[in-house]
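# Structural overview for review
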Amino acid sequence: MDARKEKILRAIIKEYLLEAEPVSSKTIVNRYGLNVSSATIRNEMAALEELGYIRQPHISSGRVPAPSGYRYYVDHLMEPDQEVEEVQLAELSVESRRDMQKYLRDVAALLAGVTNYTVVVTEEKTGENTIKHLKLVGLMEDKGLLILVLSSSKVKDYVLPLLEKISEEDLQKVAGILEKHLQDRKADELDDTLKQALKGLFPDSPLLVEEIIRMAEKALLEEKDTQVVVEGMKNIFKLPEFKEVQQIQDFVDTMEDEQRILSMMESVLGHASPGIEVRIGEETGLPELRDFTVIATTCSFCEGMKGKIGIIGPTRMFYEKNIRLLEQILRYEEDEDGRAGTGKDKA
């Protein structure tokens, strides 16, 4: 594409992003200072339409970008140095990281609020977890804290009722022996035979042992499924592109189907090199999202947890802004991982 056509395509896309109305040749001449006549602009727009980069919704209207036009814009015409307001990522508190489901929801809600689009966040399943470490801490006379470290490095903790009187010293003995027997076991390996054998090791504390094994099994089962969080679904309903009932219903049905979301994220990111990927219209892999763009990346959240973040909006999307937002998230998570690795608190 020659330089003049590129300038006209960029102008059409920028104007359409702002106004959501077909763009006329007169608008291009008046607002974008290309120093050519309206007739020349019309001829160039006709050529761009023939090439498939723009289209004319109605015979008497101006032009709007086609998916291939947005693709060319993302690949060749974006302004990488465009400034984007910094997101206040400090809102993602250290405390919320102890509850991964809450943390994923916090990330999704923050991005949905900033973009006014729909945001999907998933935590990747990295294989079936096992118990790596087990610790018991007495909190008070009738309560204890069970801390489990899984093979994925995720930490799970549970408050346990101490139904039998037990000293702190004996509590540590129970923890040490149970850790030895539960270490590297998967959820389906915590069978009745093992449970009975372990209870037999502690005839004075059968209820405590039973509760610990139950919590260990619960922790492992909770981690078997990939977590999917969707925030900002209603944001789409406010956009002028989406007024048809069937169009909205298709979108809602897709966002409520975890398997379809995971399939979409795999289609967008499954074979991509590390970084941020942009999929426009049919490139998303789902017919229901033919009018949408997905901007997504793979992210290391904290303590070795990996997942995916996707911003879903109309093809008439502010591409630079949303790519920069994901870049901010990636930098933030890398910094937080670095602090966690060195044991330094955030200043």
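Preceding block: the structure.
First, a word on what this report is: a plain description of the structure on this page. The structure displayed is predicted, hence computed values, not measured ones.

## Focus on the sheet that holds strand S9 (residues 292–300)
The 5 strands lie next to each other as S7-S3-S10-S9-S8, forming an open sheet whose pairing is antiparallel. Where the open sheet ends on each side, the last strands, each with one partner, are strand S7 (227–231) and strand S8 (276–280). Going across the sheet, the axis of each strand differs from the next one's by a mean of 15 degrees, ignoring polarity. Each of strand S3 (118–123), S7, S8, S9 and strand S10 (306–314) touches helix H10 (residues 258–269); the most contacted strand, S9, lies at about 80 degrees to it.

## Observations concerning the packing of aromatic side chains
Taken as a whole, this structure holds 5 aromatic pairs when the rule is applied. Here Phe251 and Phe292 contribute two aromatic rings whose centre-to-centre distance is 4.8 Å and whose plane-to-plane angle is 10 degrees, an arrangement assigned as stacked. Note that Phe251 is positioned in helix H9 (residues 245–255) and Phe292 in strand S9, a separation of 41 residues in sequence. The same class applies to Phe251 and to Phe292, which are both buried.

## Overview of helix H2 (residues 25–32)
Residues spaced three or four apart along an α-helix face the same direction, because each turn holds 3.6 residues. Turning to H2, its buried residues are Ser25, Thr27 and Ile28. Down the axis of H2, the buried set is contained in an arc of 160 degrees. They therefore lie on one face. Set apart from the buried face of H2 by more than 90 degrees, the exposed residues are Lys26 and Asn30. Where the residues of H2 are buried, they touch helix H1 (3–19) and helix H3 (38–51). Gly33 sits one or two positions beyond H2 and adopts a positive phi of about 50 degrees.

## Focus on the side chain of Asn235
The residue Asn235 is located in the loop between S7 and H9 in this model. Beyond its immediate chain neighbours, meaning those up to four positions away, Asn235 contacts Ala112, Asn116 and Tyr117.

## Focus: the pattern of salt bridges
For the structure shown, the criterion picks out 20 salt bridges. With a closest N to O distance of 3.5 Å, Glu210 and Lys199 form a salt bridge. Note that Glu210 is positioned in helix H8 (residues 206–222) and Lys199 in helix H7 (residues 192–201), a separation of 11 residues in sequence. By relative accessible area, which is 42% here, Glu210 ends up partly exposed. Note that Glu277 and Arg279 form a salt bridge whose closest N and O atoms lie 3.1 Å from each other. Among the residues examined, Glu277 registers a relative accessible area of 16% and is labelled buried.

The rules we used
Residues numbered from 1 in each chain as written. Predicted model: local features only at pLDDT ≥ 70, side-chain atom pairs only at ≥ 80, totals over all residues. Heavy atoms only, no water. Pairing = 2+ DSSP bridges. Helix = DSSP H or I, 4+ residues; strand = E, 2+ residues; numbered from the N terminus. Axes fitted to C-alpha atoms, helices over the stretch in contact; angles between N-to-C directions. Contact = heavy atoms within 4.5 Å. Phe/Tyr/Trp six-rings, centres within 6.5 Å; stacked < 30°, edge-to-face > 60°. Buried < 20%, exposed > 50% of the residue type's maximum accessible area, 1.4 Å probe, protein only. Arc of directions from axis to C-beta. Salt bridge = Lys/Arg side-chain N within 4 Å of Asp/Glu carboxyl O.

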